[in-house]
Amino acid sequence: MQQQPFCLHLQFLAASALAWSSFLSFGPGTAELAPECLPEGHRVLHNAYRSITFDSLELQETAIQDMVCDHSLPQGWYRFMIDNKPAEMPTKCIEMNKCGTQAPVWLSLESDSLPQPGERKELTACATWQFFFGSIKDCCLFRIPISVRHCGEFFVYLLQPTQGCMGYCAEAVEEPQFNYFGPRGTGADINFQDASQLPPLQPLVTPELLGGHVYLKCTFSTPTSDPSIGYAVVWSRLSKSRGKEQLHHDTTLQTFSYVEMDGVNFRLGDTVFCTVTAFKWDSPDQQSFPEESDGFYAGIKFVPESIQIAEDSEEHILTILSTIPITCLGQDDICKITLQLTTGDSDDLGRRPPDIALSACQVALEHMLCEEGSCARASVSVRAVNDFAVDGNLTSYIRVEPVQTSEPLWRDYTPMDVQVTVQDLPTENCYSLTDPHIITFDGWRYDSYMTGTFVLYRSLNRVFEVHVRQWHCSNRHLAFACNCGVAAWEDNDIVIFDMCNGQFLETKPQLAIKSIKASSQPNVRIMESYGGRKITISFPSGAFVRADVSDWGMSLTVRAPSIDFNTTRGLCGIFDRNSQNDFHGPDGSPILSRQNNTSEEDFIKAWRIAPGMSLFDKTPPLSEWKKRTHYCLCQKERSQYLQSVNALHTFQHSPPESLGCFYEHVDYNSVIPYLDVTSEHPTNLDVDSAFLADGILSPRSLEQWHSPQATKKKDSPNGLLNNPIGQNISLKKSGNETYVDSSDHWKELSREKRQEAYWETLSASSSQSLSQADLESFTYFSPEDYFEGRRPKVEVTWPTPSGLTSAKALASCQKVLETSPIGSACKGLLGTQLDVAIKMCLSDVQSKDDLTWGASMIAFLENSCEKKVLENITMWFHSTSELPATHKEIIRALRCPNLCNGHGECSMWGCQCFEGYDSHDCTTAKKHPVEITDLMNGGFCDIRTSDCSRIHVFGHNFRDSSDLHCEVTQLTYHNGEWVSREHESTKATFLNLTTVDCQIPPLNNTGAGAVRFMMDAEPYAR
């Protein structure tokens, strides 16, 4: 019964073709005479992209230049052809991103019909547009008047240029598109006078859930109220070869037909069509032309079908929807399907670092009423992973697989992948080295000799700022500035790494983490390398601040993520790949004449921070809090990637949780081994806290730390500091230039600044007075912030005062840098940066008159070399599992400083020292005895005005050990001689290899006179 109508339909096709041919022969001759119907009277548009079945998204991603855009189409008569077959403009609304364009143009018959053979009609074309996903689609947002001529065997269209980048659509036709029953004139038998007036059947496939099973329903319109009209329905699906295979035939008097999604004949992943033919039940030879529905895709769809993102931290929403209803399983009424999401690279090797991260690796599609093509929906956020590799634009995918289910329909179904193209964006480092030499993000080099606190890097795009504090680090001849502290702020987290609150060459760095939002935990990570000589502060954005610590201070490396491209300000310049505008003011305006030393000073001064206003001193206000989104790598092949690089003992990765879900969207890799020591630095949630001596923040308020007793002198009636700095400063003239003579002043500061007793002897400069309120706003007092006098220009020449020549200095710098393990291994990667390091080394050695300063540039080579390696991580590991020997040499040099000095073996975690040696580079021999060379201030301390409970001890071969202690001997001055008395062991604090801090035992009350000694009739020291 189901086969008979189909056979009748085949017979009718031949008859109908004959009838149509006869109609053309005897019809009116108007069409034949119309000039636009002649071959020379029209042009043919045969671009296959104009087909209503062509998806334009593919062109938008791969060949946007091939998009159909008819805004420049010459006005004239046109005929459509697709694949050398006749085509016509579609007469129903076309979805966006079809026909090779974004806004497809179709022919509206809302108030008229197509012309009869030989006839010409003025009609309206419509352009479809949807402003954004989720908004209402407008099928006729733009209207274009056109003329249509029926030329008998085809239509021609009088088209004009579109208003914008739109495209006229075409639909291939097999037969003349007219619905009629039998030969012309027989329509009266079924209540129609003209076959061309029959309305279309308009078949449509929709899903339905019936009795716990999924069905597809083909619905169509009835052309007449005649109850004797029947319908032949043919169900088919798209084959792998893009042809159609028929699966089911149905004959019905109803205006619908059902087939079940049984997982065998009709499966998930199929694109299903229904083709409907109307016929006279009592006269089967009278049939309409068949009408085919649009294809219905049964399964999982993604909106959008592909994504293009960039490494800019932007969030992109991917909607996952099911076009069929979700059935309920079992008695528990579990009406959902769980989908597993995985990501990977396009070649499926899994050897590349992750390019994308998702907000979840699983989503659930829950049962809901089917509407607008969706019977269930979920969404995930997609972000690019900022890997800091220079690897171009890469393609990744998102794959969806149903989690194991007993539902047969879903069991073996795998949806199509979502293609994600990740655009590579630039990142860069800024350096502030030794005294300090600054290299901006764009590579410009200059020197900053000023002391004080400055903005090194500020982002205009988000809450991120880095402040640097520079102190006086003079040598025996000249005065220069060096970095002694850095403070970084991102969102509501502040990290301060500081050694400025002690004496030059006698202080130990202190690290503290502050969280402005008291209820939140910090998002930063603190990583320690090379035995604490290299500290890296990593932020969720991918920015990091790295401090390479020395006795004199620290060199800094700051990394800007791609999100800050073209939005940075400060001493690191404007990160825009244009070094010509790096000298700028706070408003971004250029400070001209970069070659002029005056403009260089103006630039540095422009970024000086007023006293008490830096991150060292003041907690910024709470920024707008944004809930962080979990991000997941969701990579099955991630373990394979890790195994491939770990087999080569190359990179250290983020903690194990990064294999699953985490808050950052940054892939932190490091060639230099590190320990995550974040947990060792407690977070202070009290914004009014201050530093303790060991670097941990105290919960006590600043008022307690800066009490009146700490700032008053006995003979100061108003309680303020008396003896201002201005009394020790004189103005001198040199030619036409007036400057501040500060050499003696800075010597005084270097001897005794920043001790508690120092509050009693220093105040602001003569141009500023320091109030009690000012003091209470500081964590500690930094005199450089108040001393704003410009120091005289110092001309350094060869030979130096000690007789050091340029040739000897150059040879020393080349030996220390160029022939060092890191310099020789990384020479090919570093390029001109090695020459830059040697130039800066020469400058340091000349200005300090000290060859030992040359080694301070090693840190710059390490950080620059590691940056180059990480930029090429994809190239190094994507094509081969074995590193070349030169690459292995680079890895060893970065992992093991100075190749362990021959006193240890190099492992992936750094140097493993031989017996008798320790430290991060195996330089320290355990058997070498400790040698004391001097005591601070020669061992003298004025007990009348100072706290003499501690003293710095200088020497060699000090080691940071739990057994470190001081042996203190009390002396009595008797009859002109020092007499030894009792010995006592006290606690010692390790500062560096040459300095420890010893605690002095308190004097006992009964023997106070015996342990003090007299000088000028006053007790002076003990």
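Further up the page is the structure itself.
Residues numbered from 1 in each chain as written. Predicted model: local features only at pLDDT ≥ 70, side-chain atom pairs only at ≥ 80, totals over all residues. Heavy atoms only, no water.

A. Highlighting the pairing of strand 13 (residues 244-252). In terms of strand pairing, strand 12 (residues 229-238) meets strand 13 through eight bridges, oriented antiparallel. Counted as the bridge partner of S236 is Q246 from strand 13. Joining the antiparallel neighbours strand 12 and strand 13 is a turn of five residues, in which R242 adopts a positive phi near 70°. (Pairing = 2+ DSSP bridges. Helix = DSSP H or I, 4+ residues; strand = E, 2+ residues; numbered from the N terminus.)

B. Structural view of the sheet that holds strand 37 (residues 534-538). With antiparallel pairing, the eight strands of this open sheet are ordered in space as 30-29-28-39-38-37-36-43. Across the chains shown, the open sheet's two edge strands, defined by having one partner strand only, are strand 30 (445-447) and strand 43 (675-676). As paired strands, strand 37 and strand 38 (residues 544-549) are joined by five bridges and run antiparallel to one another. Residue K534 lies in a different strand from strand 38, and its bridge partner there is D548. The strands touched by helix 14 (residues 832-848) are strand 28 (428-433), strand 29 (437-439) and strand 30; relative to strand 29, the strand with the most contacts, the crossing angle is about 160°. Here helix 15 (residues 858-871) sits on the sheet in contact with strand 28, strand 29, strand 37, strand 38 and strand 39 (554-560), set at roughly 175° to strand 28. (Contact = heavy atoms within 4.5 Å. Axes fitted to C-alpha atoms, helices over the stretch in contact; angles between N-to-C directions.)

C. Here's a closer look at the packing of helix 14 against helix 15. Where helix 14 meets helix 15, the axes come as close as 11 Å, and the angle between the chain directions of the two elements is 165°. Judged on the interaxial angle alone, helix 15 and helix 14 are roughly antiparallel. As for how helix 14 packs across helix 15, the hand of that crossing is right-handed. For the pair helix 14 and helix 15, contact is made by Q833, L834, A837 and M840 and by F860, L861, S864 and K868, respectively. Grouping the constituent residues of the contact of helix 14 with helix 15 by class yields five nonpolar, two polar and one charged. (Parallel < 35°, antiparallel > 145°, perpendicular 65-115°, else oblique. Left-handed = near helix turned anticlockwise from the far one by under 90°. Nonpolar A, V, L, I, M, F, W, Y, C, P; charged D, E, K, R; others polar.)

D. The arrangement of the packing of aromatic side chains in detail. Inspection of every chain in the model, using the stated rule, returns 20 aromatic pairs. Plain terms: the ring middles of W552 and W853 are 5.0 Å apart, the flat faces sit at 25° to each other, and that makes the pair stacked. Highlighted residues: W552 in the loop between strand 38 and strand 39 and W853 in the loop between helix 14 and helix 15, separated in sequence by 301 residues. Neither W552 nor W853 differs from the other in exposure class; each is buried. Three or more aromatic residues joined by ring pairs make a cluster, and in this case those are F441, Y457, F464, F539, F565 and F575. (Phe/Tyr/Trp six-rings, centres within 6.5 Å; stacked < 30°, edge-to-face > 60°. Buried < 20%, exposed > 50% of the residue type's maximum accessible area, 1.4 Å probe, protein only.)

E. Looking closely at the sheet that holds strand 10 (residues 204-210). Read from one edge of the open sheet, three strands run 10-11-14, paired in antiparallel fashion. Because the sheet does not close on itself, it has two edges, and the strands there are strand 10 and strand 14 (256-260). Shown here is a sheet whose adjacent strand axes are inclined to one another by a mean of 30°, direction ignored. Direction of pairing for strand 11 (residues 213-219) relative to strand 14: antiparallel, over a ladder of five bridges. By the bridge assignment, Y215 is partnered in strand 14 with E260.

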